[in-house]
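Structure assessment
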Amino acid sequence: MSDIVPPEVRPKPVVPAKPPHVGAPSPSNPFPPQGLGAGTGGSGPPPPSAIPVMIGSHGVSHAPSHTHSHVGANHGVGNSVSGHGGVGALPQGAGPQGSAGGGTLLGYIGIDTIIEQMRKKTMKTGFDFNIMVVGHSGLGKSTLLNTLFKSQVSRRSAGWARDEKIPKTVEIKAVSHFIEEGGVKMKLTVVDTPGFGDQINNDNCWEPIGKYINEQYEKFLKEEVNITRKKRIPDTRVHCCLYFISPTGHSLRQLDLEFMKHLSHSVNIIPIIAKADTMTVEERLDFKQRVRKELEMGGVEYYPQKEFDEDMEDKSDNDKIREAIPLAVVGSDKEYQVNGKRVLGRKTAWGVVEVENPNHCEFAQLRDFLIRSHLQDLKEVTHNIHYEAYRAKRLHGNGGLHPVAANDTQESNL
């Protein structure tokens, strides 16, 4: 009978005894007291996550137990457990005593200060905004722009002079202005298209306008692929195109549909009804509904497009704008006395049409939409959607665009 070997029995590891000065955690204090000289019932320093550490300091500072680090709204952000320094918002001049090499904070520190940094930088560089107006002569394009920006930004403040001939073909005229308000600088470029739709034969009259828009994209693209690029590329791309619809009260002309259909994928088009004071309220509502229906049936996309809504808040705001398009507007750069105050308006035999009165026209809504709420979005859609589509098509069709020197960049002749 063979001997049975019992299994090997390993001795249990020896657990060192707890030092008498270390207390056990309690439900009210989950962090046990630490440090030398702390008794089982005494209160030691706070846990490492609650210890403020100054920028540039090394090691954990011995701060009172009631002091906590704050960043923003009482959130401990960036506190270092290992003692390599953290970010905290402490009072000016406050710092740990006895810490070698500790810096002194001069003010509030938080991640939300990046907003102020961006504001200061953009205030120095300024903004570019390029707007194009397209429509028949006599629809008040220049007057409306002057009313929008409350200054003479258009090349002409009235219609054609008697000794001035209507151009035989569509011309492109761009004029730039520097506007400053409240410390904010803006370079505003107004692109006018005299001669559009004024001829007997208007076949392909939108081609010079589309050519100009693409030339600005090409100019920006060539600056991007240069070996030595400029610190800030001049932006001459058209960010917004206001298309003026004649207040006929019937329907859109075929020229209107063809223009918006061909250029809606290259630029942000905003259709508006010019000189809306020539129609009654009922005629205006009926005409707006008819225009929206014709644009939808013609497959015309106008700004703001539904596929560019980023969230529900944007969708809610843009839906209100889409329901109001085409905006029925009235422009005027003359002031009249109405009820004891000066207002911009158009004087008629039966009263004054107030431009900024929402009960008279939708000019105030257009200005609010174009300048206050969607100006930056117009620039972003131009860069991220329309310009990127042109860039991808250009590079794909060319097999890649080779870098060019700065002096080889072709300038537009328009």
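The following refers to the structure shown. Quantities reported herein were computed from a predicted structural model and do not represent experimental measurements.

1. Quick word on the overall build of the protein
The helix and strand tally for the protein stands at eight helices and nine strands. Here the protein, with 414 residues, has 38% of them falling under the buried criterion. For the protein, long-range pairs separated by at least 24 residues make up 64% of all intrachain contacts whose partners lie at least 6 apart in sequence. About 25,200 Å² of surface is accessible on the protein, with carbon and sulfur atoms providing 54% of the total.

2. Examining a positive patch on the surface
Together, Lys-120, Lys-121, Lys-124 and Lys-231 make up a positively charged patch on the protein surface. On the secondary structure map, Lys-231 appears in the loop between helix H3 (207–224) and strand E4 (240–245). Using a relative accessible area of 88% as the deciding quantity, one classes Lys-231 as exposed.

3. Examining helix H7 (residues 363–373)
Every α-helix winds through 3.6 residues per turn, so residues three or four apart in the chain are directed the same way. Among all positions in H7, only Phe-363, Leu-366, Phe-369 and Leu-370 are buried. Along the axis of H7, the buried residues cluster in a sector spanning 140 degrees; they form a single face.

4. Brief notes about the packing of aromatic side chains
Evaluated as defined, the whole model comprises seven aromatic pairs. Aromatic pair Phe-220 and Tyr-387: ring centres 5.2 Å apart, planes at 85 degrees, arrangement edge-to-face. Taken together, the residues Phe-220 in helix H3 and Tyr-387 in helix H8 (residues 375–398) connect sequence positions 167 residues apart. Positioned above the aromatic ring of Tyr-387 is the side chain of Arg-237, whose terminal nitrogen or guanidinium carbon lies 4.9 Å from the ring centre.

5. Regarding the side chain of Asn-318
Note on placement: Asn-318 falls in helix H6 (residues 312–324). In this structure, Asn-318 is in contact with Pro-304, Asp-309 and His-374, ignoring residues within four places of it in sequence.

6. Comments concerning helix H4 (residues 254–263)
Of all the residues in H4, the buried ones are Leu-255, Asp-256, Leu-257, Phe-259, Met-260 and Leu-263. Tucked inside the fold, the buried residues of H4 contact strand E1 (127–134), H3, E4, strand E5 (269–273) and helix H5 (281–297).

7. With respect to the side chain of Lys-141
The topology assignment puts Lys-141 in helix H2 (residues 141–149). Of the side chains with opposite charge, Asp-192 comes closest to the buried, unpaired Lys-141, at an N-O distance of 4.8 Å. From its side chain, Lys-141 meets the backbone oxygen of Gly-135 in a polar contact 3.4 Å long. Excluding residues that lie within four positions of it along the chain, Lys-141 makes contacts with Val-133, Val-134, Gly-135, His-136, Asp-192 and Phe-244.

8. Some points on the sheet that holds strand E8 (residues 341–348)
Reading across the sheet, the three strands line up as E7-E8-E9 and stay open at both edges, with antiparallel pairing between neighbours. Edge strands, defined here as strands with exactly one partner in the open sheet, are strand E7 (335–338) and strand E9 (351–354). When strand polarity is set aside, the average angle formed by the axes of neighbouring strands in this sheet is 70 degrees. Two elements, E8 and E9, share four bridges in a ladder whose sense is antiparallel.

9. A word on unusual backbone geometry
Looking along the chain, the bond that leaves Tyr-303 and enters Pro-304 is cis, with omega of 0 degrees. Tracing the backbone shows Pro-304 in the loop between H5 and H6. Cis geometry is found at the peptide bond from Ile-325 to Pro-326, where omega equals 0 degrees. Structurally, Pro-326 is set in the loop between H6 and strand E6 (327–328). The backbone of Asn-204 shows a phi angle near 55 degrees, a positive value even though the residue is not glycine. Within the fold, Asn-204 resides in the loop between strand E3 (184–192) and H3. The residue Asn-339 is not glycine, and still its phi comes out positive at about 55 degrees. Looking at the element boundaries, Asn-339 is found in the loop between E7 and E8. Its relative accessible area of 77% is what places Asn-339 among the exposed residues.

10. Notes on the nonpolar core
Membership of the largest hydrophobic core comes to 74 residues, with the highest contact counts inside it found for Ile-209, Leu-242 and Phe-259. Not counting chain neighbours up to four residues away, the residues in contact with Ile-209 comprise Met-132, Val-134, Val-170, Ile-172, Thr-193, Phe-196, Phe-259 and Leu-263.

11. Quick word on a nonpolar patch on the surface
A cluster of nonpolar side chains, namely Ile-114, Ile-115 and Met-118, defines an oily patch on the protein surface of about 310 Å² accessible area. As for its position among the elements, Ile-114 is in helix H1 (residues 114–125).

12. A word on the pairing of E5
Where burial is concerned, most of E5 is hidden: five out of the five residues are buried. Alternating positions in E5 separate into two faces, Ile-269, Pro-271 and Ile-273 on one and Ile-270 and Ile-272 on the other, with burial throughout. Since E4 and E5 lie parallel, the crossover through H4 that links them has a hand, and here it is right-handed.

13. Observations concerning the sheet that holds E6
Read from one edge to the other, the open sheet built from six strands follows the order E2-E3-E1-E4-E5-E6, with strand pairing classed as mixed. Among the strands making up the open sheet, the edge pair consists of strand E2 (173–181) and E6. By the bridge criterion, seven bridges tie E1 to E3 in an arrangement that is parallel. The residue bridging Asp-128 from the neighbouring strand is Lys-187, located in E3. Of the strands in this sheet, E1, E4 and E5 touch H4, which is tilted by about 170 degrees from E4.

Cut-off values and rules
- Each chain carries its own residue numbering, running from 1 in the direction its sequence is written.
- Confidence filtering applies because this is a predicted model: local features only for residues at pLDDT of at least 70, side-chain atom pairs given and counted only at 80 or more, and all residues used for totals across whole chains, interfaces and linings.
- Only heavy atoms go into the side-chain values, all of them from the structure, while hydrogens and water stay out.
- Strands are runs of DSSP state E lasting at least 2 residues, helices are runs of H or I lasting at least 4, and numbering of each runs from the N terminus.
- Partly exposed residues are those whose accessible area sits between 20% and 50% of the maximum for their type, while under 20% is buried and over 50% is exposed, using a 1.4 Å probe and protein chains only.
- Contact criterion: two residues are considered in contact whenever any of their non-hydrogen atoms come within 4.5 Å of each other.
- The Shrake-Rupley method, run with a 1.4 Å probe sphere, supplies the accessible areas, and residue values consider only the shown protein chains as cover.
- Here the term patch refers to residues with relative accessible area over 30% and no salt bridge, with like charges joined within 9 Å and nonpolar side chains (Val, Leu, Ile, Met, Phe, Trp, Tyr) within 5 Å.
- In the sections that follow, a salt bridge refers to a side-chain nitrogen of Lys or Arg positioned within 4 Å of a carboxyl oxygen of Asp or Glu.
- Only four residue types enter the tally: Lys and Arg on the positive side, Asp and Glu on the negative side; His and the chain ends are excluded.
- Note that the charge is assigned to NZ on lysines, CZ on arginines, CG on aspartates and CD on glutamates.
- Comment: arc refers to directions from the helix axis out to C-beta atoms.
- To pair, rings of Phe, Tyr and Trp, with the six-membered ring standing in for Trp, must have centres within 6.5 Å; the planes then decide the type, stacked if under 30 degrees apart, edge-to-face if over 60, and tilted in the middle.
- Geometrically, a charge over a ring is one whose NZ (Lys) or CZ (Arg) sits within 6 Å of the ring centre while staying within 35 degrees of the ring normal.
- Under the rule applied, a polar contact is a pair of N or O atoms within 3.5 Å (in protein, one hydrogen donor and one hydrogen acceptor; residues adjacent in sequence only if both atoms are side-chain atoms).
- In this description, strands pair whenever DSSP reports at least two bridges between them.
- Axes here mean lines fitted to C-alpha atoms, for a helix over just the part in contact, with angles spanning 0 to 180 degrees between N-to-C directions.
- Nonpolar cores were defined as sets of buried Ala, Val, Leu, Ile, Met, Phe, Trp, Tyr and Cys residues, with membership established by side-chain atoms within 4.5 Å.
- Handedness of a crossover is defined as follows: orient the strands so they point away from the viewer, and if the path from the first strand over the helix to the second runs clockwise, the crossover is right-handed.

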